[in-house]
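The lines below spell out each chain.
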Amino acid sequence: MRKKIVAGNWKMNKTITEGLSLIEAIKTGAPKVQKAGVDIIVAPTYVMLSDAAKAVNGSSIKLAAQNCHQEESGAYTGEISATMIQAIGAEYIIIGHSERRQYFNETSASIAKKINVVLSKGLTPIYCNGEVKEERESGRHFEVVKRQMNDELFHLSAEEVLKVVVAYEPVWAIGTGLTASPDQAQEIHAFIRQLLTDKYGAAVAEEISILYGGSCKPDNAKEIFSKKDVDGGLIGGAALKAEDFLGIVAAF
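Keep in mind it's a predicted model, so treat the numbers as computed, not measured. One numbering rule holds for all chains: residues counted from 1, following each sequence as written. Local features are withheld for residues below a pLDDT of 70 in this predicted model, meaning they are given only at 70 or higher, and side-chain atom pairs are given and counted only at 80 or more; totals for whole chains, interfaces and linings count all residues. Processing note: side-chain calculations cover all non-hydrogen atoms of the structure and skip hydrogens and water entirely.

Asker: Sorry, what's going on with the side chain of N67 here?
Answerer: Strands here are runs of E lasting at least two residues and helices are runs of H or I lasting at least four, both read from the DSSP assignment and numbered beginning at the N terminus. Looking at where N67 falls in the secondary structure, it is placed in the loop between β3 (61-65) and α3 (82-88). Summary of the burial criterion: residues with accessible area below 20% of their type's maximum are buried, those above 50% are exposed, and those between are partly exposed, where the area comes from a 1.4 Å probe applied to protein chains only. Judged by its relative accessible area of 4%, N67 falls in the buried class. A polar side-chain atom of N67 sits 2.9 Å from a polar atom in the side chain of K114. The contact criterion used is simple: two residues touch if any of their non-hydrogen atoms lie within 4.5 Å. Not counting residues within four places of it along the chain, the set of residues in contact with N67 comprises Y46, I85, I93, I94, R100, E106 and K114. The definition of a polar contact used here is a pair of N or O atoms within 3.5 Å, where within protein one atom must be able to donate a hydrogen and the other to accept one, and adjacent residues in sequence count solely through side-chain atom pairs.

Asker: What's the story with the environment of L196 in this structure? I'm lost.
Answerer: Tracing the sequence through the fold places L196 in helix α9 (residues 182-200). The exposure class assigned to L196 is buried, which follows from its relative accessible area of 0%. Setting aside chain neighbours within four positions, we find L196 in contact with M149, L153, F154, V161, G201, A205, I208 and I210.

Asker: Teacher, can you tell me more about the layout of surface pockets here?
Answerer: Vacant regions in the atomic arrangement are exposed by a probe of water-molecule size rolled over the atoms. The volume enclosed by the largest pocket comes to roughly 410 Å³. Considering the residues around the largest pocket, the lining is formed by 14 residues, among which K11, M12, Q66, R100 and F104 are closest to the centre. With four residues, helix α4 (residues 98-104) is the single largest residue contributor to the lining of the largest pocket. Amino acid classes used here: Ala, Val, Leu, Ile, Met, Phe, Trp, Tyr, Cys and Pro are nonpolar; Asp, Glu, Lys and Arg are charged; the rest, including Gly, are polar. Each residue belonging to the lining of the largest pocket can be placed in one class, and the counts come to six nonpolar, five polar and three charged. The computed volume of the second largest pocket comes to approximately 300 Å³. Both site types are read off a 1 Å grid over the protein atoms alone. A 1.4 Å probe that fits but cannot get out defines a cavity, while an open set with protein on both sides within 12 Å along at least five of seven lines defines a pocket; lining residues have an atom within 4 Å of a point. Taken together, 21 residues make up the lining of the second largest pocket; nearest its centre are S98, Q102, G130, V132 and V171. Listed by contribution, the elements that provide at least two residues to the lining of the second largest pocket are α4, α6 (133-137) and α7 (141-152). Considering every element that reaches the lining of the second largest pocket, the biggest residue donor is α4, with five residues. In terms of residue class, the lining of the second largest pocket is built from six nonpolar, eight polar and seven charged. Grid points are joined across faces, edges and corners, and a volume is the space filled by probe spheres set on the points.

Asker: How should I be thinking about helix α12 (residues 242-249) in this particular structure?
Answerer: One turn of the α-helix equals 3.6 residues, which is why residues spaced by three or four share an orientation. Of all the residues in α12, the buried ones are A242, F245, L246, I248 and V249. Projected down its long axis, α12 carries its buried residues within an arc of 155°, all on one side. Those residues of α12 that are buried lie in contact with β1 (4-9), α1 (16-33), β2 (38-43), α11 (218-225) and β8 (232-235). To be clear, the arc concerns the directions from the helix axis to the C-beta atoms.

Asker: Quick question: what am I supposed to make of the pairing of β3 here?
Answerer: In summary, the side chains of a regular strand alternate between the two faces of the sheet. The element β3 is extensively covered by neighbouring structure, given that four of its five residues are classed as buried. The pairing criterion for strands is at least two bridges between them, as found by DSSP. One ladder, built from three bridges, connects β2 with β3; its direction is parallel. In the strand pairing of β3, I40 is matched with I61. Taken together, the two bridges between β3 and strand β4 (residues 92-95) define a ladder with parallel strand orientation. What sits directly across from A64, in β4, is Y92.

Asker: So what exactly am I meant to see when it comes to the nonpolar core here?
Answerer: The tendency in soluble globular proteins is for nonpolar side chains to be buried as a group. Side-chain atoms within 4.5 Å link the members of a nonpolar core, which is a set of buried Ala, Val, Leu, Ile, Met, Phe, Trp, Tyr and Cys residues. Ranked by internal contacts, the top residues of the largest apolar core, which has 69 residues, are L153, L196 and F225. Broken down by element, the residue count for this core peaks at six residues, all from α9. Not counting residues within four places of it along the chain, the set of residues in contact with L153 comprises I115, Y127, Q148, V161, V164, V166, L196 and Y200. If you look at the next biggest cluster of nonpolar residues, it comprises 13 residues, including I5, I94, A167 and L211.

Asker: What is the right way to read the pattern of salt bridges from this model?
Answerer: Side chains carrying opposite charge are able to pair once their charged atoms draw close together. The working definition used for a salt bridge is a side-chain nitrogen of Lys or Arg within 4 Å of a carboxyl oxygen of Asp or Glu. Evaluated as defined, the whole model comprises 15 salt bridges. Note that D231 and K4 form a salt bridge whose closest N and O atoms lie 3.3 Å from each other. Of this pair, D231 sits in the loop between α11 and β8 while K4 sits in strand β1; the two residues are 227 residues apart in sequence, bridging distant segments of the chain. On the basis of relative accessible area, D231 is assigned to the buried category, the value being 0%. Note that E131 is salt-bridged to R136, the shortest N-O span being 2.9 Å. Assessed through its relative accessible area of 15%, R136 is described here as buried. Connected through salt bridges with shared partners, the residues R2, K4, R193, E206, K228, D229 and D231 form a single ionic network.

Following this line, the structure appears as structure tokens:
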């Protein structure tokens, strides 16, 4: 049975002190709302990953990094490798987030390489894909997602892809206040699962968690998560307040 996941992507927010306070609040509240089979993940900034690893140790909370470089080491000033993240104790790395694509010119080739290096370190990629507003409005969202998965994910073997979490991001709904309706979320999640089925077979596709990543909040999470092919959320703004984040965890 595939995992249910609520992952908080903090983006470029929170100092170390603020972040540790947020983790403590999540740790305190999690036992009251976290159901069996639901994983909680937090993805703070690089500068506090080490402190965060110590803070979540012994709790039910798992740790993710927000990105890594596609090479294992080398002369890449300012970059962080999957090996470094692994050494800190994180279990997940977010790969291909829409903001990385938009602001840092990440390509399908670099995203595919990042997925490879993350898997090579025994870590789990949270692989993001999704369409921008113009692509949705022109009806090309299925085409865009299919191309992304073909170019970035489908070089993996069935054994490898089972170690990946997919996060669908309607880019037009990130930070805009817009949200895909539960039916829209289910439609594209079902499409993604069908792509996985066509490539790897139903048995593999049914084991892969697909998260919704667009303005998920406590007041809409329950309806979105109730859909057959939605296995949780990659949460942005609502992950920055313990009450909101835990409210989403409680939606399962």
